[in-house]
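Coordinates in review
For reference, the chains in residue letters:
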Amino acid sequence: MSVITQPLDLLRQQDPQMADVLDGERQRQATGLQLIAAENFTSAAVLTALGSELANKYAEGYPGARHHGGCEYADLAEQIAVERARALFGAEHANVQPHSGSAAVLAAYAALLRPGDTVLAMALTSGGHLTHGSPANFSGRWFDFVGYGVDAATGLIDYARVQRLAHEHRPKAIVCGSISYPRHPEYSVFREIADEVGAFLIADASHPIGLVAGGAAPSPVPYADIVVATTHKVLRGPRGGMILCGSEFAERIDRAVFPFTQGGPQMHSIAAKAVAFGEAAGPAFTSYAHRVVANGRALADALAAGGFAITTGGTDTHLITADPAPLGVDGAGARGRLAAAGIVLDTCALPYGDQRGIRLGTAAVTTQGMGEAEMGRIAELFTAALTGGEPTKIRSDVNELVVSFPPYGV
Ligand SMILES: *Cc1c(COP(=O)(O)O)cnc(C)c1O
């Protein structure tokens, strides 16, 4: 029996309709290939903390200074989470209350900026996040965003252009970070450019922060004034956000999270973040983070051999973006055909043209225990699905592959 089925059996007695939905989702996750770059499988321990009675607790404020009584265990949970985050990332200060990555970005802007300020960030068409200036998001409405891009030929950040735009627009803050950039940002170069124009440097490390925790990617902490991140991507914690900074920004960040942008913290989620930080501090996670990158490289190479045009020619991380055009299909078409075969991923912008590509990541399949041999097999399944292979046959090949790697045990 899966380690997480027991609570579901209890739910089934009371609410069979919702139990069926949760059961269906569990089956979906276990029987397909989960390649969405931002997803992962948390441990059963993280899920247990999420389902704990801390979900019932109101704890507005911070440990030792709450607006509610009965916070002795909430305080302990948050102190443990903060201490573990600080130790894991070598940060002077950590705030673990943001409900999501977007909430963490909002709080970082609230701490440093005023409405109308100019911010230089990666353009959405090059892989910037919604919170990096989308007109549909608070960021684009309340701040004046200028976008830098990637080079159309290499797919790499054009640092000379970042520098030119910084001098031209004199932003109050520069944001480095992306939803799809497969290489390590040059944090020291961003720092130099920010210093040249007197801008704050905000690193949105939502994607790579788990690799940073495992020593498989450079850390933005020594370079950025404020680091924002999610806890649920490669880091493998519960859905949520966090902020790391030096002591000089601690008070501004804490006030920007509560009471400026949030009310009561989700204490069950903070406990689960602490559990994930504890896991990430161990040698098994270091090994995991390095295997994620090795699998990323192996999958990128195998997809390239299958005819995909890999953006930047490869990856340093879990993230791969690719153009399936050489196989005669665009990003949306590829996503649809792969989904029919039980292979789940996203589309993404490409460094050139208006066509979309595909974006995928190796965090979840690596958690399942897959290695470089399986990456080769996955690339074969991609090629089969996109070059007219029989969908039901490919779907059953996918099942055959994943059945040996159950995310929560058998
Ligand atoms: C995922 C991500 C976010 C937002 O995270 P949510 O938890 O979905 O709000 C922000 N910035 C970047 C770069 C991300 O990849």
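Residues numbered from 1 in each chain as written. Predicted model: local features only at pLDDT ≥ 70, side-chain atom pairs only at ≥ 80, totals over all residues. Heavy atoms only, no water.

A closer look at helix α7 (residues 159-169)
Along α7, the positions that sit buried rather than exposed are Y159, V162, L165 and A166. End-on view of α7: buried residues confined to an arc of 120°, all on one side of the axis. Among the exposed residues of α7, those pointing more than 90 degrees away from its buried face are R164 and E168. Packed against the buried residues of α7 are β5 (118-122), β6 (144-148), β7 (173-176) and α8 (187-197). (Buried < 20%, exposed > 50% of the residue type's maximum accessible area, 1.4 Å probe, protein only. Helix = DSSP H or I, 4+ residues; strand = E, 2+ residues; numbered from the N terminus. Arc of directions from axis to C-beta. Contact = heavy atoms within 4.5 Å.)

Details of helix α13 (residues 331-340)
All buried positions along α13 are accounted for by G331, A334 and L338. Take α13 and look down its axis: the buried residues cluster within an arc of 60°, on one side only. On the buried face of α13, the contacting elements are β13 (343-344), β14 (346-349), β15 (356-361) and α15 (372-386). Count one or two residues on from α13 and you reach G342, which has phi positive near 85°.

Quick word on the sheet that holds strand β12 (residues 319-323)
Sheet architecture is open: four strands sit in the order β11-β12-β15-β14, paired in antiparallel fashion. This sheet does not close on itself; its edge strands, each paired only once, are β11 (309-310) and β14. Inspection of the sheet shows β12 paired to β15 by four bridges, in the antiparallel sense. Paired with A322 across the bridge in β15 is I358. (Pairing = 2+ DSSP bridges.)

Notes on the packing of α13 against α15
The axes of two packed helices give the description: the angle between them and the distance between them. The contact between α13 and α15 brings their axes to 9 Å, and the two run at 110°. Between α13 and α15, the angle falls in the class roughly perpendicular. Residues A334, R337 and L338 of α13 lie in contact with α15, whose contacting residues are F382, A385 and L386. Looking at the contact of α13 with α15, its residues break down into five nonpolar, no polar and one charged. (Axes fitted to C-alpha atoms, helices over the stretch in contact; angles between N-to-C directions. Parallel < 35°, antiparallel > 145°, perpendicular 65-115°, else oblique. Nonpolar A, V, L, I, M, F, W, Y, C, P; charged D, E, K, R; others polar.)

A few points about the sheet that holds β5
One open sheet accounts for seven strands, arranged β4-β10-β9-β8-β7-β5-β6; its pairing is mixed. Looking at strand neighbours, the two that pair on one side only are β4 (93-95) and β6, the edges of this open sheet. For this sheet, the mean angle separating the axes of adjacent strands, direction not counted, is 20°. Bridging between β5 and β6 involves five bridges; their strand directions are parallel. Its bridge partner lying in β6, T118 is registered against D144. Strand contacts of helix α10 (residues 247-261): β4, β8 (200-204), β9 (226-230) and β10 (241-245), with the helix running at about 155° to β10, the strand carrying the most contacts.

Some remarks on the packing of helix α5 (residues 101-112) against α10
The interhelical angle for the contact between α5 and α10, taken along N-to-C directions, is 120°, at an axis separation of 8 Å. The angle between α5 and α10 places the two elements in the oblique class. Of the two elements, α5 crosses α10, and the hand of that crossing is right-handed. Residues L106, A107, A108, A110, A111 and L112 of α5 form the contact with α10, whose participating residues are F249, R252, I253, A256, V257, F260 and T261. Partitioned by chemical class, the residues of the contact of α5 with α10 number eleven nonpolar, one polar and one charged. (Left-handed = near helix turned anticlockwise from the far one by under 90°.)

Quick notes on the pattern of salt bridges
All chains considered together, the criterion is met by 17 salt bridges. R377 is the salt-bridge partner of D397, the closest N and O atoms lying 3.7 Å from each other. In this pair, D397 is assigned in helix α16 (residues 391-402) and R377 in helix α15, connecting sequence segments 20 residues apart. For R377, a relative accessible area of 31% translates into the label partly exposed. Three or more residues are tied together by salt bridges with common partners; here these are R12, D20, D23 and R26. (Salt bridge = Lys/Arg side-chain N within 4 Å of Asp/Glu carboxyl O.)

Comments concerning the domain arrangement of the protein chain
In terms of domains, the protein chain is made up of domain 1 (50-280) and domain 2 (283-409). Of note, the centres of domain 1 and domain 2, computed from C-alpha atoms alone, are 28 Å apart. In this assembly, 25 residues from domain 1 lie in contact with 24 residues from domain 2. Here domain 1 and domain 2 share an interface that buries about 2100 Å² over both sides, 61% of which is from carbon and sulfur atoms. It is P182, R183 and R236 in domain 1 that bury the most area against domain 2; as a group they hold 29% of the surface buried on that side. Applying the counting criterion to the domain 1 and domain 2 interface returns one salt bridge. (Domains from an automatic or database assignment. Buried area = accessible area lost by both parts, 1.4 Å probe.)

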